[in-house]
Amino acid sequence: MRPPFYLRQLKRDLETWIAKGLVDEENKEAILASVGAGSQVRTMDVILAVFGVILIGAGAMSFVAANWASMAKFERLVVLFGSLWAAYGIAGWFLGANRGAIGQAFVLLGVILFGVNIHYVAQTYNIQAHYPDGLLLWGAGAILAAAVVPSRASLALALALGGWWTWQETQHYDNVLHLPFLLYWAICTAIAWFLNWRPGIHLSALTLLGWFIISFEAFQRLLGWGDAEVLTIFIFLPLAIWSLMQLLERDDANGLALSTGHYAFFVFLIAYGLLQLPDNDHQSASTTWLAFATIMTVLSVGAVTMGFNRKTFSVIDVFGTLFACITTMIYVFMVQRYEDALDVPYLVFALIVIIWSIQRGVRLQDRFVINWSTVAFGLWFLYCYFDLFEGLLDQSIFFTVGGILLILISLTLEAMRRRLVTSAPAAEAKP
């Protein structure tokens with residue numbers, strides 16, 4: 001299945017090609033079918049079935065909670081397990097009747113009721129345990145359903161439960177780095193890859209990013225690094241992932257490497273722009289951080305250089321990657337002594353990286369990169385205004401000018417984005 005933005009562009013291009021006589025009208029549906037354009041259709045009955053499942057799950061929880069005190073233990077178990085297996089039984093019937101979408105909705109209901117059962121069984125028998133383990137058990141059940149049925153909705157729930165689980169383990173237990181989540185995440189990602197489910201890949205990427213964010217203090221404790229050093233993990237690691245994903249893009253028929261590369265590059269771009277904000281606690285760069293930064297720099301620049309030789313990257317990408325890595329290392333080394341003096345130079349560095357991103361989007365005709373790079377430039381401009389001029393202008397003038405600038409920026413950025421997108425049209429087919 002191709003990326004959705006590719007399918008939308010292909011449909012527009014086909015209309016143009018048919019009008020120009022480059023493609024026959026009768027071949028349109030066959031072309032779209034060959035790239036999976038028809039696999040994303042969702043009917044109203046399926047959407048209503050999913051909503052209905054959510055309401056049934058909420059109703060089941062409300063019924064059990066309302067009658068819990070008056071029910072004997074055996075009655076509780078009958079209601080809990082009876083509703084669970086009834087949901088799976090109905091799901092099996094719909095799946096066997098070739099009503100897969102509605103059957104999937106009842107599989108999701110079964111997974112939801114499985115979590116309800118875990119909670120109420122533990123309450124019935126007063127089970128005292130490490131309470132995040134209940135979320136892990138629920139998530140494991142969702143993963144099992146996702147793999148056996150298979151069920152994409154269950155996989156989405158599994159990823160959400162995994163994020164909740166690792167948040168509880170990290171935040172409620174002294175910010176210890178929660179490494180078991182990585183195995184959980186890898187299993188979910190492997191299933192999403194096997195199912196060729198692009199939204200699952202997106203959810204997986206967001207869940208992993210969430211893990212990194214909530215593990216910020218845990219990384220500090222484990223590594224003994226300062227704030228700025230830990231933030232560079234979000235610069236060096238995504239940049240290395242992005243550069244490696246570009247090498248896989250030629251053989252990336254379903255666009256998964258492209259999506260991963262997009263996520264990685266914009267995490268890098270955001271983190272690079274935020275590097276000047278954290279307080280480094282007047283701590284000099286550690287030896288372990290220097291080793292990490294050096295390894296990541298060599299890996300990123302090496303991958304980009306390989307891609308340059310294979311025409312995947314341009315020479316600007318090689319210098320852009322090297323520039324980002326070197327300026328990040330220089331900033332961490334100098335921030336202890338020259339923190340205030342580095343603000344303006346680093347803003348210039350960030351602008352250079354944003355311009356590099358825009359140039360790459362235009363060269364590759366990638367609207368996703370162009371759009372988000374334009375947003376990054378707008379945020380950069382606003383930060384410059386509020387950071388540099390707040391203390392130089394009278395308060396009323398400051399906010400008035402700021403409001404006018406916001407309006408002008410919105411109009412200018414939209415015009416610039418449209419111009420960039422127009423200047424990078426999809427290549428027309430040649431007869």
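All of these numbers come straight from a predicted model, not from anything done at the bench. (Residues numbered from 1 in each chain as written. Predicted model: local features only at pLDDT ≥ 70, side-chain atom pairs only at ≥ 80, totals over all residues. Heavy atoms only, no water.)

Participant: Could you clarify how one ought to interpret the overall build of the chain in this entry?
Facilitator: Looking only at helices and strands, the chain has 18 helices and 0 strands in total. The proportion of buried residues among the 431 residues of the chain is 43%. Long-range pairs, those at least 24 residues apart, make up 72% of the contacts in the chain with a sequence separation of at least 6. Element-wise, carbon and sulfur atoms account for 69% of the exposed surface of the chain, whose accessible area totals about 22,700 Å². (Helix = DSSP H or I, 4+ residues; strand = E, 2+ residues; numbered from the N terminus. Buried < 20%, exposed > 50% of the residue type's maximum accessible area, 1.4 Å probe, protein only. Contact = heavy atoms within 4.5 Å. Areas by Shrake-Rupley, 256 points an atom, 1.4 Å probe, with all protein chains shown as cover.)

Participant: What is the right way to look at the pattern of salt bridges in this model?
Facilitator: Per the counting criterion, the structure on display carries 2 salt bridges. R360 is the salt-bridge partner of D317, the closest N and O atoms lying 2.8 Å from each other. Taken as a pair, D317 in helix α15 (residues 315-338) and R360 in helix α16 (residues 343-364) lie far apart in primary sequence, 43 residues in all. We note that D317, like R360, is buried. Counted as one network, the salt bridges with shared partners bring together D317, R360 and R363. (Salt bridge = Lys/Arg side-chain N within 4 Å of Asp/Glu carboxyl O.)

Participant: Help me understand the environment of W164 in this model?
Facilitator: With respect to the helices and strands, W164 occurs in helix α7 (residues 152-171). On the basis of relative accessible area, W164 is assigned to the partly exposed category, the value being 42%.

Participant: What exactly am I supposed to notice about the packing of helix α6 (residues 132-148) against helix α8 (residues 180-194) here?
Facilitator: Helices that pack against each other are described as a pair by the angle of their axes relative to one another and the distance between those axes. Axis separation between α6 and α8 bottoms out at 10 Å; the angle between their running directions is 20°. Classified by the angle between their axes, α6 and α8 sit roughly parallel to one another. The two elements α6 and α8 cross, and the hand of that crossing is left-handed. Residues L136, G139, A140, I143, A146 and A147 of α6 touch α8, and the partners they reach there are Y184, I187, C188 and I191. Its residues assigned to classes, the contact of α6 with α8 comprises 9 nonpolar, 1 polar and no charged. (Axes fitted to C-alpha atoms, helices over the stretch in contact; angles between N-to-C directions. Parallel < 35°, antiparallel > 145°, perpendicular 65-115°, else oblique. Left-handed = near helix turned anticlockwise from the far one by under 90°. Nonpolar A, V, L, I, M, F, W, Y, C, P; charged D, E, K, R; others polar.)

Participant: Help me understand the environment of L155, please; the structure alone is not making it clear to me.
Facilitator: Relative to the helices and strands, L155 resides in helix α7. Separated by 16 residues in the primary sequence, L155 and G139 have C-alpha atoms spaced 9.0 Å apart. Residues contacting L155, with those up to four places away along its chain left out, are A146, C188, I191, A192, L195 and W197.

Participant: Looking at this model, I keep getting lost on the packing of aromatic side chains. Mind explaining?
Facilitator: Geometry of an aromatic ring pair is reported as the spacing of the ring centres plus the angle between the planes. Following the criterion strictly, the structure yields 28 aromatic pairs and no others. Relative to Y184, the ring of F181 lies with its centre 6.4 Å away and its plane at 20°, an arrangement referred to as stacked. With F181 and Y184 both in helix α8, this residue pair falls 3 residues apart, about one helical turn. Across the pair, Y184 and F181 agree in class, each one buried. Taken together, the ring pairs connect W242, F265, F266, F268, Y272, F313, F323, Y331, Y346, F349 and W356 into an aromatic cluster. (Phe/Tyr/Trp six-rings, centres within 6.5 Å; stacked < 30°, edge-to-face > 60°.)

Participant: Teacher, can you tell me more about helix α14 (residues 287-309) here?
Facilitator: Three- or four-residue spacings in an α-helix give side chains the same orientation, since the helix completes a turn every 3.6 residues. Taking 1.5 Å per residue as the helical rise, α14 with its 23 residues ought to reach 33 Å, and the 33 Å between its terminal C-alpha atoms agrees with that figure. Along α14, the residues classified as buried are W289, F292, A293, M296, T297, S300, V301, A303, V304 and G307. (Expected span 1.5 Å × (residues − 1).)

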